[in-house]
Amino acid sequence: MQRAGAEEAAGSQAAAGPGRSGGGAASPGRLLRRELRLLESIFHRGHERFRIGSACPDEISCEFVPGPGARAGGSGSRGPPPGPVRIHCNITESYPAVPPIWSVESDDPNLAAILERLVEVKKGNTLLLQHLKRIISDLCKLYNLPQHPDVEMLDQPLPAEQSTQEEVSSEDEDEEMPEDTEDLDHYEMKEEEPVDGKKTEDDGIGKENLAILEKIKQNQRQDYLNGAVSGSVQATDRLMKELRDIYRSPSFKGGNYAVELVSDSLYDWNVKLLKVDEDSALHNDLQILKEKEGIDFILLNFSFKDNFPFDPPFVRVVSPVLSGGYVLGGGAICMELLTKQGWSSAYSIESVIMQISATLVKGKARVQFGANKNQYSLTRAQQSYKSLVQIHEKNGWYTPPKEDG
């Protein structure tokens, strides 16, 4: 059996302090009980990937179920699928000051390494949940499985404290505990709620957009259950963050631009530029376009790949047909930051949207009234983009004269 965790647990228990000494084991903190309650609600005994068999304040038994499609060592490995990985956890009276102690019923060095890496997890009030999040994530990687969406639920706020008859009796038996300790503990729990929990994450986002985010999560979970997972964990996580940031952005709320997911896909966005510089000719053209066709925005399409944010999105103008503004054939856009050479994973999507808007004005873009709308297409835009990259890889980047677009 492999074992990892706090080797100094015994010494820490002995030095736990006067409040933890005495004839019997002290009752666990309310925070730990709330962690266990959340844990059991997510990973019940019928869960398809990770199951909590038993959980009490000092010990947890659980198992990771790789499933029939799992292969240790990668998709090219042969042999029967691995069986369940049984994991045990011991929690000392000094938790969370002393981390949980984990062990696994296996001599596999890969499993031991996963437990040993738990020392890298930053200590906090919900250390148990963060340990489990790391364990499940690493096991999914080990068996070449996609990250299970329920893992992210370990970051949500803990459930409210629920008093039980057993807890009330325990408090009555503890003569050293003052009468108002329960009230004090209630306020302490509020302070201990994780700052990066769901309440903070969704703060400032409207109900309509929250519903969109929730629908995306449900779709991801259904795709996972159907074995039709698309994208990558890193790209999905980053795009969800980008979308949340946009939904709470003053520029978005102020109507400068709008974002719609194409067919509810997190990897395909339509972005409407609703406002451009009012002193520009492009602004005047959009007002005329509204009178003629009832449309007063520039529609962009952002397409993201699995390796986002390390590669830029592919961005093109969909409509209206423009001249100038560094817009190429098919609707591709001539901007260095949209190429691998000029892209940085630190760029936010909102900053890219605002930069494109400014570039169109700077390049004196104009609406081509009466132009053939079919000249803008994904295929033509990709061809123009490919030629653009080849030219600038050979000659370097420069800002062309404005009259050249």
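An account of the accompanying structure is given in this report. (Residues numbered from 1 in each chain as written. Predicted model: local features only at pLDDT ≥ 70, side-chain atom pairs only at ≥ 80, totals over all residues. Heavy atoms only, no water.)

**Considering the nonpolar core**
Counting residues in hydrophobic clusters, the biggest one holds 45 residues, and the most contacted among them are Trp-269, Phe-302 and Ile-356. Secondary-structure elements contributing two or more residues to this core are helix H8 (207-225), helix H9 (233-247), strand E6 (257-261), strand E7 (268-273), helix H11 (281-293), strand E8 (298-303), strand E9 (314-319) and helix H12 (349-362). In terms of residues, this core owes the most to one element, H9, which gives six residues. Beyond its immediate stretch of four places on either side in the chain, Ile-356 contacts Leu-300, Phe-302, Val-315, Ile-333, Met-335 and Leu-338. (Core = buried A, V, L, I, M, F, W, Y, C linked by side-chain atoms within 4.5 Å. Buried < 20%, exposed > 50% of the residue type's maximum accessible area, 1.4 Å probe, protein only. Helix = DSSP H or I, 4+ residues; strand = E, 2+ residues; numbered from the N terminus. Contact = heavy atoms within 4.5 Å.)

**Remarks on H11**
Along its 13 residues, H11 runs 18 Å from first to last C-alpha, staying within 8% of the 18 Å computed at 1.5 Å per residue. Next to the buried residues of H11 lie E8, strand E10 (322-323), H12 and strand E11 (366-367). In the stretch just after H11, Gly-294 is the one whose phi turns positive, near 75°. (Expected span 1.5 Å × (residues − 1).)

**Here's the deal with the sheet that holds E8**
Taken in spatial order, the four strands make up an open sheet running E6-E7-E8-E9, and their pairing is antiparallel. Where the open sheet ends on each side, the last strands, each with one partner, are E6 and E9. The average angle at which neighbouring strand axes cross in this sheet is 25°, direction not considered. In this sheet, E9 lies alongside E8 in antiparallel orientation, the contact comprising five bridges. Paired with Ser-303 across the strands is Phe-314, a residue of E9. (Pairing = 2+ DSSP bridges. Axes fitted to C-alpha atoms, helices over the stretch in contact; angles between N-to-C directions.)

**A short note on the environment of Arg-51**
Structurally, Arg-51 can be placed in strand E2 (residues 50-56). Arg-51 sits 13 residues away from Phe-64 along the chain, and the two C-alpha atoms are 6.6 Å apart. When neighbours within four sequence positions are excluded, Arg-51 is seen to be in contact with Phe-43, His-44, Arg-45, Gly-46, Ser-61, Cys-62, Glu-63 and Val-65.

Note that all results are geometric; they support no functional claim without further evidence.
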